[in-house]
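Take a look at the letters that make up each chain.
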Amino acid sequence: MIGSGYVGLVSGVCLAEYGHDIVCMDKDVAKIEGLRAGKMPIFEPGLEEMVRDNVKAGRLRFSTDMADCVPDCEVVFIGVGTPTNKETGHADLKYVYAVAEEIARHVKDFTVVVTKSTVPVGTGDEVERIIARTNPKADVAVVSNPEFLREGAAIKDFMIPNRIVVGIEDQRARPVMTEVYRPLFINQAPLMITTRRTSELIKYAANAFLAMKITYINEMADLCEAVGANVQEVARGIGLDNRIGTKFLHAGPGYGGSCFPKDTLALVKTAQEYHAPIQLVEATVAVNESRKAKMAHKVIKAAGGTVAGKTIAVLGLTFKPETDDMRDSPAIVIIEELVKAGATIRGYDPEGMENARHVLPLITYCDGPYQAAEGADAVVIVTEWNEFRALDLKRIKVAVKTPLLVDLRNIYRKDEVARHGFRYICVGRPGEE
Ligand code: NAD
């Protein structure tokens with residue numbers, strides 16, 4: 001498993017749990033040394049115990065050296081990052097290509113090279129070309145196998161996936177990939193084998209659809225506010241139709257994270273490049289981008305039209321609960337806009353503060369929600385961690401300067417908040433405000 005981040009490490013340990021012999025490799029020496037010492041580089045529920053058990057059982061080890069693992073492996077997964085190239089909006093494939101080159105130098109016998117990273121259509125062809133160019137003697141089959149796990153539920157998602165998608169051109173890879181995933185069939189996970197380009201596109205099409213669904217309900221929330229309807233009931237009313245489904249219909253501050261923003265953008269770029277633009281996804285990207293600043297303005301409006309010189313407590317910094325991932329979190333833009341408008345921010349997140357310090361250096365980090373609320377003119381819930389779902393509002397009321405709760409995740413009801421003397425602002429539920 002080349003790359004031991006959210007995807008590589010979780011995939012590696014789960015495959016080890018199913019009995020395969022796995023080496024998780026990463027060029028980040030500190031990460032590997034930490035893992036060898038039992039220290040997880042990311043927060044993911046259940047991960048630490050599973051790593052410990054599989055290391056103990058001798059099925060999982062860690063390495064910083066491809067020469068030490070690639071020659072002996074039947075399957076080599078590429079699980080490195082594919083971030084947005086800030087200049088072009090495309091997925092930056094330099095890490096994937098660098099790994100492909102290095103794999104080529106170290107393969108010995110027939111090896112299946114699997115791209116698990118999210119990569120644009122045609123990347124598998126390029127990986128194949130790079131390997132052939134670097135080592136013409138290399139005998140490899142390059143396969144696409146996108147990963148669909150969600151941070152925060154990554155282990156369960158990997159072990160009991162809705163489906164496994166494998167894109168194959170060289171048929172020798174078929175029995176190998178079937179064997180890799182055989183243990184998961186016991187969980188009745190359908191294995192879909194298709195062509196490499198189709199497989200690559202499935203990942204983007206899935207993420208863009210989900211991003212579109214979130215953006216749709218967010219726009220519906222704005223309309224609810226304008227017309228006096230309740231977005232949670234609209235979501236339920238449409239979601240109970242099986243063709244629509246209830247998931248991903250929670251109005252909020254806009255999607256973020258390490259996948260949806262970059263994958264929607266990369267899909268837009270690919271589609272434009274092939275002269276087949278996908279306008280729905282283009283609109284999704286634009287609407288979501290503007291939504292984050294809009295949420296900051298919602299806070300400003302709730303605070304009486306200005307936050308200059310005011311103190312705002314922000315609860316939740318990561319893009320969603322149960323992760324420490326701060327990449328493209330809506331909290332970043334919301335906080336930056338509030339700071340620009342003159343506010344002082346007191347922030348708290350159960351797991352994300354270490355990563356948040358790098359992207360949001362200017363805020364005051366607090367030890368808990370109650371400390372964050374001290375002297376605040378408004379308390380804003382940005383991420384719906386369980387810890388914020390049943391706050392002791394009496395205690396918050398004593399701590400704050402002004403009892404104003406802006407709930408960007410709709411986790412409270414007006415009556416319960418108002419009972420404690422708070423003014424309550426939420427998303428798409430005008431009757432609740
Ligand atoms: P990550 O940044 O957490 O991990 C990537 C790792 O690759 C890092 O530890 C880095 O040091 C390592 N790396 C980079 N270059 C290397 C090299 N030359 N040799 C060895 N290691 C190298 O990234 P991630 O979140 O795990 O994402 C990886 C890929 O999986 C991306 O394409 C992403 O879009 C995709 N994906 C992510 C998720 C998710 O929830 N995070 C879900 C599905 C798919």
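Please read these numbers as outputs of a predicted model, since none were measured by experiment. (Residues numbered from 1 in each chain as written. Predicted model: local features only at pLDDT ≥ 70, side-chain atom pairs only at ≥ 80, totals over all residues.)

### Describing the pairing of strand 1 (residues 22-25)
- On strand 1, burial covers both faces: I22 and C24 on one face and V23 and M25 on the other are all buried.
- Relative to strand 2 (residues 60-63), strand 1 runs parallel, the two sharing four bridges. When the bridges of strand 2 are listed, V23 appears paired with R61. (Buried ≥ 20, exposed ≤ 12 C-beta atoms within 10 Å, placed from the backbone. Helix = DSSP H or I, 4+ residues; strand = E, 2+ residues; numbered from the N terminus. Pairing = 2+ DSSP bridges.)

### Looking at the UniProt feature "binding site: NAD(+)" (unreviewed entry) in the chain
- According to UniProt, the feature "binding site: NAD(+)" (unreviewed entry) maps to D26, K31, T82, T118, E151, K262 and R327 in the numbering used here. Of the residues just listed, which span 302 residues, the most distant C-alpha pair is 24.2 Å apart, and they do not cluster in one region.
- Taking the number of C-beta atoms within 10 Å as the measure of exposure, D26 has 22 and is therefore buried.
- Residue contacts for D26: discarding those within four places in its chain leaves G3, S4, K31, I32 and T64.
- Along the polypeptide, K262 turns up in helix 10 (residues 260-273).
- In this structure, K262 is in contact with P83, T84 and A91, ignoring residues within four places of it in sequence. (UniProt positions renumbered as here; feature names shortened; annotations may be inferred. Contact = placed C-beta atoms within 7 Å.)

### Thoughts on the nonpolar core
- Ranked by internal contacts, the top residues of the largest apolar core, which has 124 residues, are V113, V299, I312 and V380.
- No other element matches the nine residues that helix 8 (residues 196-227) contributes to this core.
- Both domain 1 (6-194) and domain 2 (288-432) contribute no fewer than three residues apiece to this core. (Core = buried A, V, L, I, M, F, W, Y, C linked by C-beta atoms within 7 Å. Domains from an automatic or database assignment.)

### A word on the site of the ligand
- Contacts to the ligand come from 26 residues, most closely from G3, G5, V7, S117 and T118.
- Secondary structure elements with two or more residues in the shell around the ligand: helix 1 (6-17) and helix 4 (94-106).
- Of the residues assigned to the shell around the ligand, the class counts are 10 nonpolar, 10 polar and six charged. (Near = placed C-beta within 6 Å. Nonpolar A, V, L, I, M, F, W, Y, C, P; charged D, E, K, R; others polar.)

### Quick look at unusual backbone geometry
- A positive phi angle, near 65°, is found at E322, a position not held by glycine.
- Its location among the elements puts E322 in the loop between strand 8 (311-315) and helix 12 (330-340).
- Taking the number of C-beta atoms within 10 Å as the measure of exposure, E322 has 19 and is therefore partly exposed.
- Phi is positive for D328, which is not a glycine, with a value near 55°.
- In this fold, D328 is placed in the loop between strand 8 and helix 12.

### Thoughts on the domain arrangement of the chain
- When its domains are assigned, the chain resolves into domain 1 (6-194) and domain 2 (288-432).
- Contacts between domain 1 and domain 2 engage five residues on the former and seven residues on the latter.
- For the side of domain 1 that touches domain 2, a count of residues per class yields three nonpolar, one polar and one charged.

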